[in-house]
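For reference, the chains in residue letters:
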Amino acid sequence: MHPILSTLIKRIGLGVVSLFFVSLIIFSSIQLLPGDFVEAQLGQARTEETVAAFRKELGLDKPFYIRYVNWVGAAVQGDLGSTFSGRNASYANQPQQSTARTVTSLLKPRLYNTFFLAAMTAIIAVPLSLLLGITAALYRNTFYDRAVNASALTTISMPEFFVAYILIILLASIYQFFPSLSNVTSSTPFLERVYLSVLPALTLTLVTVAHMMRMTRAAIINLLSSPYIEMAELKGLSRSKVIIKHALPNAW
């Protein structure tokens, strides 16, 4: 198996195991919280019959381990359960008319917006960070290298929300290129969605580029002392070709 594929499989496996233990800890911790969810939801108008019916509907009448197994099984199939936030308290009188909303229905539009924003950020950040990392390594210890590193360190040292405030002042308040507040819905046209997402994507890009550029530069500089790089230089290859053709694939 290819080393990169093997590494990816191991990382994904470790991620799944980590998620399992985190979910188990959180699920167990919720059981230790004081109070009763059913009684809190039904309020003072509750009766023993409605409490029992509500517990049965939610599966709270089953043992802890059975509820956890059922939850994991449903989550694997894409069913993350229901949320009772903002639900009508009339359930105390009509237990079968549940007004709970599914978690999946709430996450779906937000998850799409998150992936859209992440994709926009990656499209800008990855090529830009590679370009800056390669050129900084190519012109190491020059004024350009120092300027790029200083800019990256400045960006890294500032929290993302502070970078966002600066961009809002510059690009939404002073020059008014982009809106400072925007609302994206499922009916928003694609080009308008891109326009409304430019400012948050630019915020994430600045922070991401700073980290990726420094990692790319450090990896390439570390590889430049390798024997195969010295052999490529002895063959007469230009420094740019040595970095792009020989160092960058391994640094990647």
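Preceding this paragraph is the structure being described.
Predicted model, so just to flag it, every value in this text is computed and none were measured.

Caption draft 1: Quick peek at the packing of aromatic side chains. As enumerated under the stated definition, the model contains 12 aromatic pairs in all. Each ring, one from Phe27 and one from Phe64, has its centre 5.4 Å from the other, and the planes form 45°; the classification is tilted. Placement of the pair is Phe27 in helix 1 (residues 3-31) and Phe64 in helix 4 (residues 64-76), with a sequence separation of 37 residues. The exposure class assigned to Phe27 is buried, which follows from its relative accessible area of 15%. Consider the rings of Phe27 and Trp71, whose centres lie 6.1 Å apart with planes at 40°: the pair is tilted. Separated by 44 residues along the polypeptide, Phe27 in helix 1 and Trp71 in helix 4 bring together distant segments of the chain. The structure contains a cluster of three or more aromatic residues connected by ring pairs, namely Phe20, Phe21, Phe27, Phe64, Tyr68 and Trp71. Over the face of the ring belonging to Phe116 we find Arg193, whose NZ or CZ atom lies 5.6 Å from the ring centre.

Caption draft 2: Highlighting the packing of helix 5 (residues 103-138) against helix 10 (residues 239-251). Contact pair helix 5 / helix 10: the axes reach a minimum separation of 10 Å and the direction vectors enclose 130°. In terms of their interaxial angle, helix 5 and helix 10 are classed as oblique. Pair helix 5 / helix 10 crosses with right-handed handedness. Listed contacts from helix 10 to Ile134, Ala137 and Leu138 of helix 5 are Arg239, Ser240, Ile243, Ile244 and Leu248. The residue inventory of the contact of helix 5 with helix 10, partitioned by class, reads six nonpolar, one polar and one charged.

Caption draft 3: Local environment of the nonpolar core. Membership of the largest hydrophobic core is limited to 12 residues, which are Ile134, Ala137, Ile220, Ile221, Leu223, Leu224, Ile229, Ala232, Val242, Ile243, Ala247 and Leu248. Elements supplying a minimum of two residues to this core: helix 5, helix 8 (190-223), helix 9 (227-234) and helix 10. Looking at which element gives the most residues to this core, the answer is helix 10, with four residues. For Leu224, the residues in contact, after removing those within four places along its chain, are Ile229, Arg239 and Ile243.

Caption draft 4: Inspection of the environment of Val103 at higher detail. Its location among the elements puts Val103 in helix 5. Between the C-alpha atoms of Val103 and Asp79, which are 24 residues apart in sequence, the distance is 7.9 Å. Beyond its immediate sequence surroundings of up to four residues, Val103 is in contact with Leu80, Gly81, Ser82 and Thr83.

Caption draft 5: Seen up close, a nonpolar patch on the surface. A surface patch of nonpolar side chains, about 940 Å² in accessible area, is lined by Phe161, Phe162, Tyr165, Ile166, Ile169, Leu170, Ile174, Tyr175 and Phe177. Turning to its location among the elements, Tyr175 is positioned in the loop between helix 7 (160-174) and helix 8. For Tyr175, a relative accessible area of 54% translates into the label exposed.

Caption draft 6: View of helix 8. Under the 1.5 Å per step criterion, the end-to-end length of helix 8 is only 42 Å for 34 residues, more than 12% shorter than the ideal 50 Å. Taken as a whole, helix 8 carries its principal kink of about 50° at Val198; the proline Pro200 stands between one and four residues after it.

Caption draft 7: A look at the packing of helix 5 against helix 6 (residues 143-157). Put simply, helix 5 and helix 6 touch, their axes get as near as 8 Å, and they point 140° apart. As the angle between them shows, helix 5 and helix 6 are arranged oblique. When you trace helix 5 past helix 6, the crossing you get is left-handed. Between helix 5 and helix 6, the residues in contact are Leu132, Thr135 and Ala136 and Tyr144, Asp145 and Val148, respectively. When its residues are assigned to classes, the contact of helix 5 with helix 6 shows four nonpolar, one polar and one charged.

Here is what the cut-offs are and how they apply
Residues numbered from 1 in each chain as written. Predicted model: local features only at pLDDT ≥ 70, side-chain atom pairs only at ≥ 80, totals over all residues. Heavy atoms only, no water. Phe/Tyr/Trp six-rings, centres within 6.5 Å; stacked < 30°, edge-to-face > 60°. Helix = DSSP H or I, 4+ residues; strand = E, 2+ residues; numbered from the N terminus. Buried < 20%, exposed > 50% of the residue type's maximum accessible area, 1.4 Å probe, protein only. Lys NZ or Arg CZ within 6 Å of the ring centre and 35° of its normal. Axes fitted to C-alpha atoms, helices over the stretch in contact; angles between N-to-C directions. Parallel < 35°, antiparallel > 145°, perpendicular 65-115°, else oblique. Left-handed = near helix turned anticlockwise from the far one by under 90°. Contact = heavy atoms within 4.5 Å. Nonpolar A, V, L, I, M, F, W, Y, C, P; charged D, E, K, R; others polar. Core = buried A, V, L, I, M, F, W, Y, C linked by side-chain atoms within 4.5 Å. Patch = residues over 30% accessible without salt bridge, like charges linked within 9 Å, V, L, I, M, F, W, Y side chains within 5 Å. Areas by Shrake-Rupley, 256 points an atom, 1.4 Å probe, with all protein chains shown as cover. Salt bridge = Lys/Arg side-chain N within 4 Å of Asp/Glu carboxyl O. Expected span 1.5 Å × (residues − 1). Bend = angle between axes of the 7 residues up to and from the residue.

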